Amino acid sequence: IITNIDIENEKIYLRVLNPSLINIDEENLYTIAKNSLIREKIKLIEISKHKLNKIDDKYLEEVIKSIYSRIEIKNKKDFINHIESYGLSLALLEKKLTYEALWNQLVYKKYFSKVKIDTEKIKKDILSNKNMSKNYLLSEIVYNVDKKDQGKKIEKKINDSIKNIGFENTASIFSVSESSKTGGKLGWIDEGALNNEIKKRITNLKIGEITEPIIVPGGFLILKIEDIKETEKKIDINAELENRIIFLQNVQLNQFSNIYFMKIKKDFLINEK
């Protein structure tokens, strides 16, 4: 059961994660909050089947730090003041982040053995570009299409929404990725960490432009270039290799997460009366 109080609390939670949602109309915000809670409930049911209930405190602190850093808050004390100004307690925030961490733990256990990383290829790329670094500040929308003939219709709906309310708010409404909670923000990504298909799609784009939908495991991906920077730097090759491997592992695990969620969602009957 999802109550109106649950939805009101979810609105507050989502606005804490993505302050730009304060500009979105109530009808769309209601839909975003409702869909977010449905995803959470389905994940919790699946988590309970696997009897997962604990995460490392240090990991939770890192998750919280990544959230307040992304919305440009300097420290945890200021972040607590920020969430309390919205009427949200740290305890509730930690509980919801724990749910997501347990889901990620479940995805990791089920799919990590299927993650494929070409370490030698990454090394070669680092060595061939070790004096220059091109980085993209990216946002994403990940969406699914249940029927083939719906693809163009959904794409048009998303493009119209981007024109009317912007990429960030559209990501919050349409994206099935967890990044939807922060308006699709992915942060700064080194060009070398991107796969060839994505690199090809964004190479000639300017700041503010978006890609055509890219086929990815479990759906379609639209990327927006928020900013680009190119700098000279000295690279610690081992550290750079480790960072890129972790990034690519996370990309693949996020794709598996989406596939897994869509698979189990089909077993649920959702009554919205």
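Let us look at the structure shown here. All figures in this text were calculated on a predicted structure; none of them were measured in a lab.

Cut-offs and rules
- Residues numbered from 1 in each chain as written.
- Predicted model: local features only at pLDDT ≥ 70, side-chain atom pairs only at ≥ 80, totals over all residues.
- Heavy atoms only, no water.
- Pairing = 2+ DSSP bridges.
- Helix = DSSP H or I, 4+ residues; strand = E, 2+ residues; numbered from the N terminus.
- Axes fitted to C-alpha atoms, helices over the stretch in contact; angles between N-to-C directions.
- Parallel < 35°, antiparallel > 145°, perpendicular 65-115°, else oblique.
- Contact = heavy atoms within 4.5 Å.
- Nonpolar A, V, L, I, M, F, W, Y, C, P; charged D, E, K, R; others polar.
- Buried < 20%, exposed > 50% of the residue type's maximum accessible area, 1.4 Å probe, protein only.
- Polar contact = N/O pair within 3.5 Å; in protein donor to acceptor, adjacent residues only side chain to side chain.
- Left-handed = near helix turned anticlockwise from the far one by under 90°.
- Arc of directions from axis to C-beta.
- Phe/Tyr/Trp six-rings, centres within 6.5 Å; stacked < 30°, edge-to-face > 60°.
- Lys NZ or Arg CZ within 6 Å of the ring centre and 35° of its normal.

Re the sheet that holds strand β2 (residues 185-190)
The sheet built from four strands is open, its strands ordered β2-β1-β4-β3 with antiparallel pairing. Only two strands of the sheet have a single partner each, and these edge strands are β2 and β3 (214-216). The average undirected angle you get between the axes of adjacent strands in this sheet is 40°.

Notes on the pairing of strand β4 (residues 219-232)
Sheet analysis places strand β1 (residues 132-143) next to β4, joined by 12 bridges and oriented antiparallel. In the strand pairing of β4, I141 is matched with I222. Across three bridges, β3 lies against β4 in antiparallel orientation. Within β4, the residue paired with I214 across the bridge is L221. What sits between the antiparallel neighbours β3 and β4 is a turn of two residues, in which G218 has the positive phi angle 90°.

With respect to the packing of helix α5 (residues 90-111) against helix α10 (residues 237-265)
Two quantities define a packed helix pair, namely the angle between the axes and the distance from one axis to the other. Where α5 meets α10, the axes come as close as 10 Å, and the angle between the chain directions of the two elements is 100°. Classified by the angle their axes make, α5 and α10 are roughly perpendicular. Touching W103, L106, V107, Y108, K110 and Y111 of α5 are L253, F256, S257, Y260, F261 and I264, all from α10. Considering only residue class, the contact of α5 with α10 consists of 10 nonpolar, one polar and one charged.

Observations regarding the environment of E40
Positionally, E40 belongs in helix α2 (residues 26-49). Owing to a relative accessible area of 13%, E40 belongs among the buried residues under this scheme. Counting along the chain gives 59 residues from E40 to Y99, while the straight-line C-alpha distance between them is 7.7 Å. What E40 contacts, discounting residues up to four positions off in sequence, is K96 and Y99. Polar contacts involving the side chain of E40 include one to the side chain of K96, which spans 2.8 Å.

What to know about the packing of helix α7 (residues 151-165) against helix α8 (residues 167-174)
At a minimum axis distance of 7 Å, the contact between α7 and α8 shows a crossing angle of 135°. Comparing their axes, α8 and α7 come out oblique. For the crossing formed where α7 meets α8, the hand is right-handed. Residue-level contacts link K157, I158, S161, I162 and I165 of α7 to F167, N169, T170, I173 and F174 of α8. In terms of residue class, the contact of α7 with α8 is made up of six nonpolar, three polar and one charged.

Considerations on helix α4 (residues 76-85)
What α4 keeps buried is the set F79, H82 and I83. Looking straight down α4, one finds that the buried residues subtend no more than 90° of arc, so they occupy a single side. Exposed residues pointing more than 90 degrees away from the buried face of α4 are listed as K77 and S85. If you check the start of α4, you find a side-chain oxygen 3.2 Å away from the backbone N of K77, and it comes from N75. G87, located one to two residues past α4, shows a positive phi value of around 85°.

Looking at the packing of aromatic side chains
For any pair of aromatic rings, geometry is given as the distance between the ring centres together with the angle between the planes. In this structure the tally under the stated criterion is seven aromatic pairs. Ring centres of Y68 and F79 lie 5.6 Å apart, and the angle between their planes is 40°; this geometry places the pair in the tilted category. In this pair, Y68 is assigned in helix α3 (residues 57-70) and F79 in helix α4, connecting sequence segments 11 residues apart. For the pair shown, Y68 and F79 are each scored as buried. Between K96 and the ring centre of Y13, over which it is positioned, the NZ or CZ distance is 4.8 Å.

Keep in mind that these numbers describe shape and distance, not what the molecule does.
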